[in-house]
Each structure stands twice: as C-alpha cells, then as structure tokens.
Amino acid sequence: MATAATKETLGFQAEVKQLLHLMIHSLYGNKEIFLRELISNASDAADKLRFEALSDSALYGADADLKIRVSFDRKARTVAVSDNGVGMSRDEVVQNIGTIAKSGTREFFQSLTGDQAKDARLIGQFGVGFYSSFIVADRVTLVTRRAGLAPDQAVRWESDGGGEFTIEAAEKEGRGTDVVLHLRDSEDELLSDSRLKGILRKYSDHIAIPIVMKKLKWDKEKSEETFTDEDETINQASALWARPKSDITEEQYQEFYKHVAHDTDTPLAYTHNRVEGRQEYVQLLYIPARAPFDLWDRRERRGLKLYVRRVFIMDDAEQLLPAYLRFVRGVVDSNDLPLNISREILQESRDIEAIRAGCTKRVLSLLEDLAENQKEKYATFWKEFGRVLKEGVGEDFANRERIAKLLRFSSTHTDSEEQTVSLADYIARMKEGQDSIYYATAETFLAAKNSPHLEIFRKRSIEVLLLSERVDEWLVANLPEYEGKALASVAKGELDLSKLQSEEEKKEEATHAGEHRALVAKLKDALGDRVKEVRVSSRLTSSPSCLVADEHDMGGNLSRILKAVGQKVPQAKPILEINPAHPMVKRLNEEKARFADWSNLLFDQALLAEGGQLEDPAGFVRRMNELMLEMAGEGSRIIVPGR
C-alpha cells in the first residue's frame with residue numbers, strides 16, 4: 001500500500017528557503033560542483049545500504065551490484081544522477097530535504113556575511129550539497145524507494161527552488177534514488193557527454209563504487225551520436241585510501257577531502273599511512289584549513305569515517321580520536337575489527353584503543369612538521385584550532401609534552417594579541433637566574449596586557465605570557481611545568497624574584513616592609529573580612545594596589561569564569577598588596593578621619609583592575625565622589641537621602 005495517496009504541497013523550513021535563495025544566486029564559486037555533491041550523496045547512500053545489509057542481507061534483493069548512474073537527455077534538457085543505495089521513505093524525504101535537521105543552524109545563518117566568497121565557504125562547511133542542484137536547475141525531481149519497501153511505496157518529490165515542494169506516492173522498480181535536474185536555459189553545456197565525464201573525473205574519481213554512463217556511438221543514418229546499451233565506468237571505482245600513495249595525485253587527495261569533510265576549501269595538510277603489526281589498518285587524516293561554524297557545538301557528532309575491510313560502518317566514530325582533535329577529518333579502514341561492530345563495542349575495544357593512539361600520534365606528528373617546517377601554515381592552523389588543541393593538555397596525559405611544544409601564546413615580548421610565542425621561545429629568552437615561566441590570566445587580552453601584576457616584570461624586562469582565553473585556566477592547571485621550568489601565575493602567592501635582584505634591592509624591599517607594618521595592620525582592620533591578608537607588594541611600581549590569590553587558592557579570573565557558567569566556587573578571600581611609593585598610599589598613611597573610605601577605595605580599585613565586579617558599585621561611586629570633592633577643598637556636597 002502506498003504511504004502517500006495524494007500529492008501534497010508542503011512549505012520548506014525557513015532556513016531552507018534562505019539557503020535556496022543563496023544557492024540560486026550562485027554563492028558557490030564553481031557551479032559545476034553540484035555534480036560532485038550529488039555523487040557524494042549517492043555514494044553515502046550505497047555505504048549506508050552496505051552497513052544495513054550486514055544484519056539484513058535481504059535488503060540487496062536481486063541487485064547486489066552497487067553503482068551510480070549519470071545520464072542526460074538533450075531533448076528534455078535534463079541531467080540525472082541515479083543510485084541503487086539505501087533510498088528514502090516518505091518521512092525521510094521530508095526530514096532530509098524539506099528541513100535542515102542539523103544543530104547549529106541558527107548560528108550558521110548568523111555567521112553569513114553577505115560576502116559571496118566567504119558565504120560560499122560556510123555553505124560548503126554546512127554540508128547541504130543537495131541544494132546546490134538549484135544553481136543549474138530551475139526544477140528538481142527526486143524519486144526514491146527505501147530498501148526493503150515494495151515498488152508502490154516509492155516517493156516522488158519536486159520543487160522549483162521557491163518556498164514549497166510537492167510530495168506524492170510513486171512507483172519505482174528498484175530501490176535507491178533518482179535525482180533529475182531540469183536545467184536552466186543558460187546551462188546547455190551540461191548536456192554533453194564529454195563535459196559530464198570531465199566533471200566526474202575531476203571531482204569524483206575517488207568514489208569507491210562505479211560511476212557509469214551509457215556509451216555513445218555515431219549513427220550514420222541520423223548523423224548524430226546515439227546511446228548504446230553498453231555501460232562505461234568513468235571513475236577508478238576503488239577506495240582511494242586503499243591505493244598506493246604513488247598512484248594518487250595531489251588533486252585526488254584534495255577532492256577526496258572535500259567529499260569526506262563536506263568542505264569547499266582544500267585541506268591545510270594530510271597524512272596517509274598503512275599501519276601493520278598487531279593491528280592492521282589504513283588511516284587517511286586531514287587537517288582542515290578553517291574551523292567549521294559549529295566547532296564548539298557539543299551536540300554535533302564528530303569523528304572519522306570508519307570502514308572495516310572497505311565496508312562502511314559509521315560516519316562519526318568519535319572513539320578514533322580524542323575530543324581535542326575533533327577538527328580532524330578522514331577515514332580509518334581496519335582489517336581486524338568485526339563487521340558488526342557498534343558504538344558500544346567501540347568504547348570497550350582494545351583494538352580501537354590502539355587505533356586511537358596511532359591516529360593521535362600521527363596527527364601530532366603532522367602538526368609538529370607544520371610547526372617546524374611550514375610556519376605560515378601552522379600559524380593558520382593555530383588561529384583556527386589553537387583553543388581546541390589547548391584542551392589536550394588536560395585530556396591527554398600521555399601526549400602532554402608533545403602538545404605543550406605545539407602551544408602558542410601572546411606575551412609581553414611582542415605585546416600583540418596574535419599568539420606566536422612557543423614555550424621553547426620563552427625559555428630561550430629567560431633571564432639568568434629565572435627559574436619559572438610567568439603568565440597572567442584575564443578575561444581579555446587588554447586586561448592581561450595592562451594588569452598591574454606585570455609592573456615589576458616589565459621593569460626588569462622579564463617576559464610574561466598573556467592568557468585571555470577561557471581554556472587557558474584549564475591549560476595552566478594541567479601544565480605545572482615545561483622542561484623543568486615551573487609555570488607560575490604573576491597574580492598568585494608571594495613573588496620571589498630574589499635571584500634576579502641585587503643586594504641593595506633586597507635590602508630596600510625589606511626596609512619598605514618593615515616601615516609599613518603599622519599601615520598594613522591598620523588596613524587589615526579597616527577591610528576586615530574582605531581580605532585574607534594585607535602586605536607590601538614586590539610586584540607594583542606604578543599602581544597603588546593589586547589583589548593576589550594565595551598560593552593554593554583559586555585565582556580571581558578562574559573564579560569569575562566558573563561563576564559565569566553556574567558553578568559553585570569555594571570562598572577564598574584575596575590578599576591586598578600595596579605600593580608604599582604611590583602617592584595614594586602615602587596619603588592613606590597620613591589619613592585619620594576617612595581612613596576606612598580610603599582603604600575600601602584602594603581595595604575596589606584593585607578589584608576593578610583585575611577584571612572583578614564590585615559588590616557595592618553605588619558605595620564605591622559615593623566614596624569616590626566625596627573624596628574627590630574633599631581633595632578639591634570644597635568639602636562634601638553629596639546629599640545622601642536618609643542621612
């Protein structure tokens with residue numbers, strides 16, 4: 001019985017309408033890639049049928065020879081792409097074509113800029129290849145029948161690329177999908193055997209199943225070429241990753257990447273290897289040139305394509321790489337895994353653990369090569385994926401040192417937001433006697449760059465790493481040292497630069513601390529529970545005060561990040577450090593009548609300087625205004641209601 005008795009007219013999802021508008025206005029820079037996208041979809045359908053047939057071989061019926069057929073009709077002005085893959089049911093057609101069932105859709109459309117070249121790249125990343133048909137066609141007809149369903153349960157879908165499509169029941173003798181493109185008036189060049197073959201060989205030679213077309217022969221009576229009954233295979237029809245590397249061209253590697261990653265750009269780098277030993281598998285792994293718009297969407301499934309002895313198993317085998325390498329695209333083909341392997345088995349398989357370790361090391365080796373020998377490419381990689389790679393320091397203990405070598409940072413050496421400084425660069429510039437790698441964390445680069453905690457470091461020309469990404473707090477918490485040099489926050493604990501000081505400087509520092517003991521004690525009493533301790537600073541040269549976390553307490557920046565995401569944060573009072581040489585502190589030392597106001601003002605300024613938020617902003621403004629008026633000699637003219 002047919003699943004849909006009558007023709008229905010349905011409306012596209014709003015996002016699809018917007019996408020179709022972009023497609024019809026030729027956002028793809030090269031419109032001929034519509035054929036690559038349709039061939040890629042057909043190949044995926046064949047892979048899915050192979051996978052489903054592992055548990056139900058009856059799905060093949062009498063047609064186990066999988067292939068993709070491309071044809072054209074000059075009189076009807078159509079180009080057709082047909083496959084005998086898994087096909088679709090009516091519900092699948094509506095879901096897969098009428099809507100975009102993909103997380104991050106809203107973010108995708110928000111990221112569109114209006115720049116055709118940039119937007120075309122984003123569309124390619126979004127993986128919506130079917131809609132590229134409307135670049136060359138003003139009407140598209142799709143007839144499909146799901147494997148396992150009867151011939152009268154096929155579905156016919158049609159649209160002119162406007163806001164609606166029709167769907168109705170149809171008859172189809174074999175399973176699979178036929179896509180017929182009714183070409184626009186300007187696209188007659190596609191009604192050519194040589195043109196279509198040229199496109200197929202250019203973009204789809206790597207497809208692992210045969211792409212066939214009917215052979216042409218010259219008909220003397222009609223004085224024209226006519227089709228024969230004989231098929232001609234256009235592509236090599238073998239898995240590209242299984243071929244010897246010497247037989248694969250650079251262009252073929254790049255086109256395979258575009259197929260497997262649904263990306264219109266060429267990859268930044270790739271590695272192709274056959275691994276033999278206890279496990280035998282082939283890996284073809286790619287580093288994209290740009291981050292996808294949904295890189296940070298945790299709901300989006302990611303991973304490598306997994307094959308077992310050339311049989312497709314799954315699209316997104318996340319277990320084959322750790323999460324911090326989730327940007328990698330490619331294929332793993334194992335000779336040892338069972339064909340009926342599931343996601344649950346993947347999580348517990350020792351063979352998968354070995355493949356995961358092998359793929360991780362291979363990707364890290366590829367990145368090391370870029371960092372060492374292709375610095376411009378590595379700079380591009382770091383700009384796109386640096387924040388993701390930083391996650392690996394805490395996730396992958398076995399490779400922590402290798403990942404640490406790949407890290408790049410901003411620092412006071414360049415005072416630039418561009419992250420170009422490696423830990424090795426930093427160590428090479430360390431001062432004699434310096435035994436720590438110093439860093440400052442803040443919510444923004446400018447906040448880190450202008451932090452009062454850096455003053456003594458700038459005075460002594462000691463380089464400090466400037467960390468302003470949220471992941472940086474996670475990174476430094478999991479990287480206590482590098483090549484024997486401890487990583488030390490400039491805003492935690494007591495600063496010990498004694499090895500870099502002269503004897504005179506040490507004596508001067510001790511003298512300052514002794515001279516201001518009474519002031520320090522008075523400040524502690526005035527601030528009460530707001531501080532854990534007050535002390536004379538060895539960090540400050542031009543600011544009056546700063547807040548410092550105790551050695552084993554959570555820093556202010558991390559505390560704010562955790563609070564922002566709803567985490568409970570243990571209460572830890574800061575330490576207030578004062579600069580006795582600053583005029584404001586000198587004035588405070590002489591103040592009697594308004595000592596408490598001055599003390600709280602000093603604390604609040606230090607809190608603001610490190611990016612914190614005031615508990616009582618109105619109180620801060622009132623104290624500030626009163627003190628300013630008083631210093632101007634006018635006395636307080638602020639009238640506070642109720643006082």
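About the thresholds
- Residues numbered from 1 in each chain as written.
- Predicted model: local features only at pLDDT ≥ 70, side-chain atom pairs only at ≥ 80, totals over all residues.
- Heavy atoms only, no water.
- Helix = DSSP H or I, 4+ residues; strand = E, 2+ residues; numbered from the N terminus.
- Buried < 20%, exposed > 50% of the residue type's maximum accessible area, 1.4 Å probe, protein only.
- Contact = heavy atoms within 4.5 Å.
- Pairing = 2+ DSSP bridges.
- Axes fitted to C-alpha atoms, helices over the stretch in contact; angles between N-to-C directions.
- Core = buried A, V, L, I, M, F, W, Y, C linked by side-chain atoms within 4.5 Å.
- Parallel < 35°, antiparallel > 145°, perpendicular 65-115°, else oblique.
- Nonpolar A, V, L, I, M, F, W, Y, C, P; charged D, E, K, R; others polar.
- Salt bridge = Lys/Arg side-chain N within 4 Å of Asp/Glu carboxyl O.
- 1 Å grid on protein atoms, 1.4 Å probe; cavity = no way out; pocket = protein on both sides within 12 Å on 5 of 7 lines; lining within 4 Å.
- Points joined across faces, edges and corners; volume = space filled by probe spheres on them.
- Left-handed = near helix turned anticlockwise from the far one by under 90°.
- Patch = residues over 30% accessible without salt bridge, like charges linked within 9 Å, V, L, I, M, F, W, Y side chains within 5 Å.
- Areas by Shrake-Rupley, 256 points an atom, 1.4 Å probe, with all protein chains shown as cover.
- Lys, Arg positive; Asp, Glu negative; His and termini not counted.
- Charge placed at Lys NZ, Arg CZ, Asp CG, Glu CD.
- Polar contact = N/O pair within 3.5 Å; in protein donor to acceptor, adjacent residues only side chain to side chain.

Trainee: Explain the overall build of the protein to me, using residue names and the numbers behind them.
Mentor: What the protein contains, in helices and strands, is 22 helices and 22 strands. A buried classification covers 50% of the 643 residues belonging to the protein.

Trainee: With reference to specific residues and values, describe the environment of asparagine 579.
Mentor: When you line up the elements, asparagine 579 lands in the loop between strand 22 (575-578) and helix 20 (583-590). Take asparagine 579: its relative accessible area is 6%, and that puts it in the buried class. Between the C-alpha atom of asparagine 579 and that of threonine 541, which follows or precedes it by 38 residues, the distance is 7.0 Å. Other than its neighbours up to four places away in sequence, asparagine 579 contacts Leu540, Thr541, Ser542, Ser543, Pro544 and Val585.

Trainee: Outline the sheet that holds strand 10 (residues 269-275), listing residues and values.
Mentor: Reading across from one edge, 10-11-14-12-13 is the order of the 5 strands in this open sheet, with mixed pairing throughout. Looking along the sheet, the strands with just one partner apiece sit at the ends: strand 10 and strand 13 (311-317). Each strand axis lies, on average, 15 degrees off the axis of its neighbour in the sheet, ignoring direction. Two strands pair when backbone bridges link them, and strand 11 (residues 281-287) and strand 14 (residues 329-334) are joined in this way by 6 bridges, in the antiparallel orientation. Looking at the pairing, valine 282 lines up with aspartate 333 of strand 14. In this fold helix 9 (residues 350-373) packs onto strand 10, strand 11 and strand 14, with an angle of close to 40 degrees to the strand it touches most, strand 11.

Trainee: Explain the nonpolar core to me, and be specific about the residues and the numbers.
Mentor: Nonpolar side chains in soluble globular proteins tend to end up buried together. Ranked by internal contacts, the top residues of the largest apolar core, which has 72 residues, are Leu306, Phe381, Leu389 and Tyr438. Sort the elements by how many residues they give to this core and helix 9 lands first, with 9 residues. In contact with phenylalanine 381, other than residues within four places in its own chain, are Leu268, Ile287, Phe327, Leu367, Gly386 and Leu389. Judged by nonpolar contacts, the second largest core, of 50 residues, contains Ala46, Leu49, Tyr131 and Val140.

Trainee: Kindly report on the pairing of strand 6 (residues 164-170), identifying the contributing residues and their values.
Mentor: Here strand 1 (residues 8-11) pairs with strand 6 via 4 bridges, running antiparallel. Paired with threonine 9 across the bridge in strand 6 is threonine 166. In this sheet, strand 6 lies alongside strand 5 (residues 154-159) in antiparallel orientation, the contact comprising 5 bridges. Its bridge partner being in strand 6, arginine 156 is matched across the sheet by glutamate 168. Taking the residues between adjacent antiparallel strands as the criterion, strand 5 and strand 6 are bridged by 4 residues, where glycine 161 takes a positive phi near 85 degrees.

Trainee: Explain the packing of helix 18 (residues 517-527) against helix 21 (residues 595-609) to me, and be specific about the residues and the numbers.
Mentor: Here helix 18 crosses helix 21 at 85 degrees, and the two axes come no closer than 9 Å. On the basis of the axis angle, helix 18 is roughly perpendicular to helix 21. Counting all contacts with helix 18, which are made through Leu519, Lys522, Leu523, Ala526 and Leu527, the residues of helix 21 involved are Phe595, Ala596, Ser599, Asn600 and Phe603. When its residues are assigned to classes, the contact of helix 18 with helix 21 shows 7 nonpolar, 2 polar and 1 charged.

Trainee: Give me the lowdown on the pattern of salt bridges, citing residues and values where you can.
Mentor: Tallying each qualifying case throughout the model produces 43 salt bridges. Between aspartate 604 and arginine 530 there is a salt bridge, and its shortest N-O distance comes to 2.7 Å. Pair noted here: aspartate 604 is in helix 21 and arginine 530 is in the loop between helix 18 and strand 20 (533-536), with a separation of 74 residues, a long-range link. Of the residues examined, aspartate 604 reaches a relative accessible area of 2% and is grouped as buried.

Trainee: Give a description of empty space enclosed by the protein that names residues and reports values.
Mentor: Here the structure, examined in full by the defined rule, presents 4 cavities of 30 Å³ or more. If you add up the space inside the largest cavity, you get close to 80 Å³. Taken together, Ser43, Asp47, Arg50, His206, Ile207, Ala208, Trp241, Phe256, His259, Tyr307 and Arg310 make up the lining of the largest cavity. Listed by contribution, the elements that provide at least two residues to the lining of the largest cavity are helix 2 (33-53) and helix 7 (250-261). Considering each element in turn, the lining of the largest cavity owes the most residues, 3 residues, to helix 2. Here the lining of the largest cavity is composed, by residue class, of 5 nonpolar, 3 polar and 3 charged.

Trainee: Give a description of the packing of helix 2 against helix 6 (residues 193-203) that names residues and reports values.
Mentor: How two helices pack is summed up by the angle between their axes together with the distance between the axes. Where helix 2 contacts helix 6, the axes come no closer than 9 Å and their chain directions differ by 65 degrees. Crossing angle aside, the handedness with which helix 2 passes helix 6 is right-handed. Between helix 2 and helix 6, the residues in contact are Ile33, Leu35, Arg36 and Ile39 and Leu196, Ile199, Leu200 and Tyr203, respectively. Of the residues contributing to the contact of helix 2 with helix 6, the split by class is 7 nonpolar, no polar and 1 charged.

Trainee: Please set out a negative patch on the surface residue by residue, giving values where relevant.
Mentor: A cluster of acidic side chains, namely Glu494, Asp496, Glu504, Glu508 and Glu509, defines a negative patch on the protein surface. Mapped onto the elements of the fold, glutamate 494 is located in the loop between strand 19 (485-489) and helix 17 (503-515).

Trainee: Outline the environment of aspartate 73, supporting the account with residue identities and numerical values.
Mentor: Residue placement: aspartate 73 occurs in strand 2 (residues 68-73). As a C-alpha pair, aspartate 73 and leucine 191 span 118 residues in sequence and 7.0 Å in three-dimensional space. In this structure, aspartate 73 is in contact with Thr78 and Leu191, ignoring residues within four places of it in sequence. Within polar-contact distance, the side chain of aspartate 73 engages the backbone nitrogen of alanine 76 at 3.0 Å.

Trainee: Account for unusual backbone geometry, naming residues and giving values.
Mentor: With phi around 50 degrees, histidine 262 is a residue other than glycine that occupies positive phi space. Within the secondary structure layout, histidine 262 lies in the loop between helix 7 and strand 10. A residue is classified by how much of its surface remains accessible, and histidine 262, at 29% relative accessible area, is partly exposed.

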